[in-house]
Amino acid sequence: MPKVETFSRNEVLQKATEVFHTKGYNGTSMQDLVDATTLNRSSIYNSFGSKLGMFMDVLSYYYTNYKNQIGKKIVQSHNASEMIQAIFDIYVHDILTDNDRKGCLIVNCKSEMVNQEPIIKSFMEQNQEQTLAMLEDIVHNGQMEKIFNQKQTPYQYALYLYTSIQGIRMTGILNTNEKELKNLIQTVLNVLH
């Protein structure tokens, strides 16, 4: 008979996310996870399989939260330009409220772990494909609406936007000047118009 979890999985993932986000994968010990989540080691192993298993659930949890946040902002936008602006606004808000200067867990993980674990590389590739597909769709709609120029294909602009988002997340670890970040975003967006 399978064991029943007697804890809130989302609460545990939230606490584990904080630890991994602060210390990175390699810097996080099982004891760190036990201390943060108040689960004992056997509960962590029974529920997540391993530290890597827990980390994969954390990455999925983190990505899903961002995806939902972006989805809500996109629905509230009136056109493709507002959608792209809204996406960047989410990241600027996170930069400005990240008092510990941790950066983005996904971007941090990409630089720390993508070449160490095939399962993480696969997750990152899927994450990138999904994000590029979303951005490509927005750009395509913007080009059809004649809001964005057609100097590049929707995919080429999507890759440019994706790279810009990651760059801004890295820049925001050291630069928290809101005006400079917003000017940088405007420069990125000007390329589309």
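Figured I'd write up the structure that's included with this text. Small disclaimer: the values here were computed from a predicted structure and weren't measured.

About the cut-offs
Residues numbered from 1 in each chain as written. Predicted model: local features only at pLDDT ≥ 70, side-chain atom pairs only at ≥ 80, totals over all residues. Heavy atoms only, no water. Helix = DSSP H or I, 4+ residues; strand = E, 2+ residues; numbered from the N terminus. Buried < 20%, exposed > 50% of the residue type's maximum accessible area, 1.4 Å probe, protein only. Core = buried A, V, L, I, M, F, W, Y, C linked by side-chain atoms within 4.5 Å. Domains from an automatic or database assignment. Expected span 1.5 Å × (residues − 1). Contact = heavy atoms within 4.5 Å. Polar contact = N/O pair within 3.5 Å; in protein donor to acceptor, adjacent residues only side chain to side chain.

1. Description of unusual backbone geometry
Working step 1: With a phi angle near 55 degrees, Arg 101 is a residue other than glycine that sits in the positive phi range.
Working step 2: Non-glycine residue Lys 146 carries a positive phi angle of around 65 degrees.
Working step 3: Relative to the helices and strands, Lys 146 is located in the loop between helix 7 (118–144) and helix 8 (154–174).
Working step 4: Under the relative-accessibility criterion, Lys 146 is labelled exposed at 69%.

2. Observations regarding the nonpolar core
Working step 1: In this structure, Met 54, Leu 59 and Phe 88 are the most contacted members of the largest nonpolar core, which totals 60 residues.
Working step 2: Top element by residues in this core is helix 4 (residues 51–76). It accounts for twelve residues.
Working step 3: When we break this core down by domain, the ones giving at least three residues each are domain 1 (1–76) and domain 2 (78–193).

3. Some points on helix 5 (residues 80–97)
Working step 1: Here helix 5 is 18 residues long and its end C-alpha atoms lie 26 Å apart, about the 26 Å a rise of 1.5 Å per residue gives.
Working step 2: Among the residues of helix 5, Ala 80, Ser 81, Met 83, Ile 84, Ala 86, Ile 87, Phe 88, Ile 90, Tyr 91, Val 92, Asp 94 and Ile 95 are the ones counted as buried.
Working step 3: Buried residues belonging to helix 5 abut helix 4, helix 7, helix 8 and helix 9 (178–190).
Working step 4: Of the residues that open helix 5, the one with a side-chain oxygen 3.0 Å from the backbone nitrogen of Ser 81 is Asn 79.

As far as function goes, none of this settles anything; it's purely spatial.
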